[in-house]
Amino acid sequence: MPIINRIAEFHADMTKWRRDMHAHPETAFEEIWTSDYINGRLEEIGVDTIERGIAKTGIVATIKGRGDSGRAIGLRADFDALDILEDTGAPHASTIPGKMHACGHDGHTSMLLGAAKYLAETRNFDGDVVLIFQPAEENEGGGRVMVEEGLFDRYPVDAVYGMHNRPGLEVGKMCMRAGPAMAGFDIFEITIHGYGGHAARPHTTVDPIVIQAQIVNALQTIASRTTDPLESVVVSITQVHGGDTWNVIPQKVVLRGTVRAFKTEIQDRTETAMLKLCTNVAAAFAATVDVRYERRYPPLINDENHIDLCADVARDLVGESNVDTNSAPVMGSEDFAFMLQEMPGAYVNLGNGVGENGGVFVHNPGYDFNDEALPVGASYWARLVETVLKRSA
Ligand code: NI
C-alpha cells in the first residue's frame, strides 16, 4: 500500500506549511510565531480541542474517532530550530539571521498537521488521538518540561509515538530498532583545587595543571577498564581551563565534558567511577576536587512490541524491503526519551533522501527537510492511528 491518496492531495498544503515554518525558525521556548502558526492550522483543520501553553509554547490537540472505546494514543512532533546561520540558498530560507530549521522539525510538524487534517476529516478510528506539538527539543528538554507539567495526567494515553527524519536514507524508506536506540547524555564539570605559587618554586605549590593531566588520563579507564567491553560508553573531556601567565602555577583548573551511554546503569557507574577517580587522584597529590555531574537526557528505549507494531504499519505503507528494523543505535540524544520513560511507545526514522539535497546531515547549514517525504510521514501517522485504534467490525 503506497501513501494514502487523500493525504497525497494535501502535499501542496504540507509543503507550504513546512516552508512557512522553515522561513520563521525559532529556538527553545521562544517559538511564539511557530506556535501561533500551528494553532491557526489546527483551527482550520477542525480538531476537537486545542490547549496551548504546556511548556510555554507547546500545544496539545485532540481528535475524537467514531465510537468510544476509551483508548487513546499520542503522536509527537517537535517544532524548534537551531542557532545556525542558514546556507541553503533555498527560496524559503530562514528570514531570521543565525537561526535555522537545521534538524527538520519544520517537516515533523507539517507531517503531523497533514495527518491531523486527514484524521479529522475521516475519523476512521475508535478512541482519541492526542497530537503533541513540542517545543525546545534541542538542548533544553521541552519534552521533559511537557511531562513535568502533567502532559500524560491531563491527556492519558495508552502509548506515545515519535518520528525523526534521517538524511542518507532514501525517501520512502524507514528504519527503527527495539531497545536502546539513542544514547543518554550527561555533562560534567571537575574543579581541581591546588595551591598556587611561583612557577620556579613548584615544590611549594600543589600544582593543579599536573593533577589535571593525571585525571584526564585516569578518566580514559572508565571506558577501557570500568565498563564491560560489550557495553558502550563515551567519556569526552571537551574543555580545560586553567592558568593565566608564564610564571604562575594557578590555584585551580576546571575540566568539562560529556558522557554518552545507552543504559542508565552505565551512566550511574560512570558517575561513581568519575567521582572516585577524581577524588583519589587529587588526594594522591594533596589536592581536592569538586565534581558536578548532571543528567541531561536519558537513553531513548523503544518498546519491542510497539516497534513491531510500527514496523508492520511501515511495511504495509512502503513495502517490506523498505523497512529496516535493525538499524544501528546512534550516540545522538533525543528528549522524546522522557516521554518514553512515562509511557510505552516507539520512535522511528523516516528517509530524508540521499545525494545532493536530501543527504546533507542534520545540524549542517546546508541541510533542508525533503518535502517529498511529507506524504510518507503523514500517511504513516494516519495508518498507525487506524491500526492501533482500529474500529471493531
Ligand atoms: Ni531533531
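Residues numbered from 1 in each chain as written. Predicted model: local features only at pLDDT ≥ 70, side-chain atom pairs only at ≥ 80, totals over all residues. Heavy atoms only, no water.

### What to know about the domain arrangement of the protein
Splitting the protein by domain gives domain 1 (5–182 + 299–388) and domain 2 (184–297). A C-alpha centroid distance of 39 Å is found between domain 1 and domain 2. Opposite the 19 residues of domain 1 that make contact, domain 2 presents 12 residues. Taken together, the two surfaces of domain 1 and domain 2 that pack against each other cover about 1100 Å², and 66% of this comes from carbon and sulfur. When the area that domain 1 buries against domain 2 is broken down by residue, the three leading residues are Pro 299, Met 331 and Ser 333, summing to 55%. Across the contact surface, domain 1 and domain 2 share zero salt bridges. (Domains from an automatic or database assignment. Contact = heavy atoms within 4.5 Å. Buried area = accessible area lost by both parts, 1.4 Å probe. Salt bridge = Lys/Arg side-chain N within 4 Å of Asp/Glu carboxyl O.)

### Overview of the coordination of the nickel ion
In this structure, Cys 103 (SG), His 105 (NE2) and His 164 (NE2) serve as the protein donors to the nickel ion, at separations of 2.1 to 2.3 Å. Motif for the nickel ion, donor spacing along one chain: C-x1-H-x58-H. Summarising the burial analysis for this pair, Cys 103 and His 105 share the class buried. (Donors = N, O, S within 2.8 Å, 3.2 Å for Na, K, Ca; no water. Buried < 20%, exposed > 50% of the residue type's maximum accessible area, 1.4 Å probe, protein only.)

### Points about the packing of helix 2 (residues 11–23) against helix 3 (residues 32–45)
Look at helix 2 against helix 3: their axes get within 10 Å of each other, and the N-to-C directions meet at 160°. For the element pair helix 2 / helix 3, the angle class is roughly antiparallel. Relative to helix 3, the crossing made by helix 2 is right-handed. Contact residues: helix 2 offers Lys 16, Trp 17, Asp 20 and Met 21, while helix 3 offers Trp 33, Thr 34, Tyr 37, Ile 38, Arg 41 and Ile 45. Each residue belonging to the contact of helix 2 with helix 3 can be placed in one class, and the counts come to six nonpolar, one polar and three charged. (Axes fitted to C-alpha atoms, helices over the stretch in contact; angles between N-to-C directions. Helix = DSSP H or I, 4+ residues; strand = E, 2+ residues; numbered from the N terminus. Parallel < 35°, antiparallel > 145°, perpendicular 65-115°, else oblique. Left-handed = near helix turned anticlockwise from the far one by under 90°. Nonpolar A, V, L, I, M, F, W, Y, C, P; charged D, E, K, R; others polar.)

### Regarding the pairing of strand 5 (residues 159–167)
Burial within strand 5 is extensive, with eight of its nine residues counted as buried. The pairing of strand 3 (residues 72–78) with strand 5 spans four bridges and is classified as parallel. Within strand 5, the position partnered with Leu 75 by the bridge is Tyr 161. Pairing geometry for strand 5 and strand 16 (residues 345–353), over eight bridges, is parallel. Within strand 16, the residue paired with Pro 167 across the bridge is Gly 353. (Pairing = 2+ DSSP bridges.)

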